[in-house]
Amino acid sequence: MKLAHQHVFVTGGSKGIGEAIVRDCLAQGAKVSFVDIDVLNGEALVAELRKAGHSVAFAKADVANFPELEAAYKSLVAQFGDVTGVVNNAGVNSYADPVEMTDEQWDAFFAIDLKAIWLTAKLALPGMRKAHKGAIVNIGSIHGRLTFPNFFPYGAAKSAVMGLTRNLGVDEGHHEIRTNTVAPGYVLTPLTQGWLDAEPGRLERSLAIQPMGRMGRPDEIAKVVTFLLSDDSSFVNGSDWAVDGGLSARSA
Ligand SMILES: NC(=O)c1ccc[n+]([C@@H]2O[C@H](COP(=O)([O-])OP(=O)(O)OC[C@H]3O[C@@H](n4cnc5c(N)ncnc54)[C@H](O)[C@@H]3O)[C@@H](O)[C@H]2O)c1
């Protein structure tokens, strides 16, 4: 019960890695609230978990829309009290052409994969500063350090997630608020499945480069997130944690 008495707020918790984080935080004794644009899966997850006796709540919010995010956040705080841990997980891939990409597409993508992290910090930091304690975990990616062809400008956003983590870690550390990045490699989720399905042979090629011969599972990412939210990592701040089965250690 590493997270007893905590209220952990997760973005993008309806499925994939976010869902695994919701489940693991609950297993570790936290109250968990989450937002997502996927209402169907969000509500089904809450119904299942409440039936099992967990304290969990869901609100629909697009993390790129501050008024909507703020309203959802306030309603969740009203249920479970001030947030003690934030997990910025909501994210989308981008496969744009640098010439064809429009201003609007650029802004919409960065609003989700980067700006939303600042927005949740804006919401959660006042309570954390008052409590003189808190933990923020940002889900980055292996693309924060090395990227693959045709992912423009995903590598830029995920590198910036690591930079934002350092800014928050350095500036908020004296309040005992720790901020860290978890950078997954290939993890089998609906997002990855869509990418794998888009081209014949992609699954085989992706597996062939994995040092462990397989992709990661969402719960293997969640375990590291839970550790970084807990007091077991009480002196870990401003850092990034590769959880990629060794892929970023491998030279082509
Ligand atoms: N799956 C991987 O291999 C992998 C690897 C590296 C990093 N990541 C990162 O992990 C995070 C989760 O990825 P995943 O694979 O679980 O994706 P996923 O698409 O399976 O799940 C993401 C969840 O976020 C939600 N979401 C998307 N945009 C949103 C928005 N604007 N507002 C609120 N919710 C929104 C989706 O509805 C979905 O429920 C992302 O930040 C992604 O970049 C994933």
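- As its UniProt record puts it under Sequence similarities (unreviewed entry), the chain is described as follows: "Belongs to the short-chain dehydrogenases/reductases (SDR) family."

## A few points about the overall build of the chain
Item 1. Helices and strands together make up the secondary structure of the chain, namely eight helices and seven strands.
Item 2. Expected size for 252 residues packed as a compact globule is a radius of gyration near 18 Å; at 17 Å, the chain falls within 12% of this value.
Item 3. Counting over 252 residues, the chain shows a buried share of 44%.
Item 4. Contacts spanning at least 24 positions in sequence make up 73% of the contacts within the chain whose residues lie at least 6 apart.

## A closer look at the site of the ligand
Item 1. Around the ligand, a shell composed of 28 residues is seen, among which Gly 12, Gly 16, Gly 91, Thr 189 and Leu 191 lie nearest.
Item 2. Within the residue set of the shell around the ligand, elements represented by two or more residues are α1 (16-27), β2 (31-36) and α6 (190-197).
Item 3. Among the residues forming the shell around the ligand, the class breakdown is 14 nonpolar, 10 polar and four charged.

## Details of the nonpolar core
Item 1. Core analysis: the biggest nonpolar cluster contains 60 residues, and Val 8, Ile 21 and Val 225 have the highest contact counts within it.
Item 2. Among the elements that take part in this core, helix α4 (residues 103-131) stands out by supplying eight residues, more than any other.

## Examining the packing of α4 against helix α5 (residues 154-172)
Between two packed helices, both the angle of their axes relative to each other and the distance between the axes serve to describe the pair.
Item 1. α5 packs onto α4 with a crossing angle of 15° between their chain directions and a minimal axis gap of 9 Å. For the element pair α4 / α5, the angle class is roughly parallel. The chirality of how α4 crosses α5 is right-handed. Note on element contacts: α5 touches α4 through Ala 157, Ala 160, Val 161, Leu 164, Leu 168 and Glu 172, opposite Phe 109, Phe 110, Asp 113, Leu 114, Ile 117, Trp 118, Ala 121 and Leu 125.
Item 2. Broken down by class, the residue content of the contact of α4 with α5 amounts to 12 nonpolar, no polar and two charged.

## Some words on helix α3 (residues 66-80)
Item 1. The end-to-end C-alpha separation of α3 is 21 Å, in line with the 21 Å expected for 15 residues at 1.5 Å each.
Item 2. Considered for burial, the residues of α3 that qualify are Leu 69, Ala 72, Tyr 73 and Leu 76. One side of α3 holds all its buried residues, which, seen down the axis, span an arc of 100°. In α3, the exposed positions angled more than 90 degrees off the buried face are occupied by Pro 67, Lys 74 and Ala 78.
Item 3. Where α3 is buried, its residues contact β1 (7-11), β2, β3 (56-60) and α4.
Item 4. Positive phi shows up at Gly 81, right after α3, with a value of about 85°.

## A short note on the packing of α1 against helix α8 (residues 218-229)
Item 1. Packing of α1 against α8 leaves a shortest axis separation of 8 Å and a crossing angle of 50°. One element, α1, and the other, α8, form an angle in the oblique class. For the pair α1 and α8, the sense of crossing is right-handed. In contact with Gly 16, Ile 17, Glu 19, Ala 20, Ile 21, Arg 23, Asp 24 and Cys 25 of α1, α8 contributes Pro 218, Asp 219, Ile 221, Ala 222, Lys 223, Val 225 and Thr 226.

## Considering the environment of Val 236
Item 1. Topologically, Val 236 is positioned in the loop between α8 and β7 (240-243).
Item 2. Discounting residues that sit within four places of it in the chain, Val 236 has contacts with Arg 178, Asn 180 and Leu 228.

## Let's talk about the sheet that holds strand β4 (residues 85-88)
Item 1. The seven strands are arranged β3-β2-β1-β4-β5-β6-β7 in an open sheet whose pairing can be described as parallel. A strand with exactly one partner marks an edge of an open sheet, and here the two such strands are β3 and β7. Direction aside, neighbouring strands of the sheet carry axes that sit 15° apart on average.
Item 2. Two strands pair when backbone bridges link them, and strand β6 (residues 177-184) and β7 are joined in this way by four bridges, in the parallel orientation.

## Observations regarding the environment of Ala 222
Item 1. Considering the arrangement of structural elements, one finds Ala 222 in helix α8.
Item 2. It is 8.3 Å that separates the C-alpha atoms of Ala 222 and Val 22, two residues lying 200 residues apart in sequence.
Item 3. For Ala 222, the residues in contact, after removing those within four places along its chain, are Ala 20, Ile 21, Arg 23 and Asp 24.

## Brief notes about unusual backbone geometry
Most peptide bonds are trans, and most residues other than glycine sit at a negative phi.
Item 1. In this structure, the amide linkage connecting Phe 152 to the following residue, Pro 153, adopts the cis form with an omega of -10°.
Item 2. Relative to the elements of secondary structure, Pro 153 occurs in the loop between β5 (134-139) and α5.
Item 3. Located in the positive-phi region is His 5, a residue other than glycine, with phi close to 70°.
Item 4. As for its position among the elements, His 5 is in the segment before β1.
Item 5. Given 10 C-beta atoms within 10 Å, His 5 falls into the exposed group.
Item 6. Phi at His 132 takes a positive value of approximately 55°, unusual for a residue other than glycine.

What counts, and where the lines are drawn
- Residues numbered from 1 in each chain as written.
- Predicted model: local features only at pLDDT ≥ 70, side-chain atom pairs only at ≥ 80, totals over all residues.
- UniProt positions renumbered as here; feature names shortened; annotations may be inferred.
- Helix = DSSP H or I, 4+ residues; strand = E, 2+ residues; numbered from the N terminus.
- Rg over C-alpha atoms; globule rule 2.2 N^0.38 Å.
- Buried ≥ 20, exposed ≤ 12 C-beta atoms within 10 Å, placed from the backbone.
- Contact = placed C-beta atoms within 7 Å.
- Near = placed C-beta within 6 Å.
- Nonpolar A, V, L, I, M, F, W, Y, C, P; charged D, E, K, R; others polar.
- Core = buried A, V, L, I, M, F, W, Y, C linked by C-beta atoms within 7 Å.
- Axes fitted to C-alpha atoms, helices over the stretch in contact; angles between N-to-C directions.
- Parallel < 35°, antiparallel > 145°, perpendicular 65-115°, else oblique.
- Left-handed = near helix turned anticlockwise from the far one by under 90°.
- Expected span 1.5 Å × (residues − 1).
- Arc of directions from axis to C-beta.
- Pairing = 2+ DSSP bridges.

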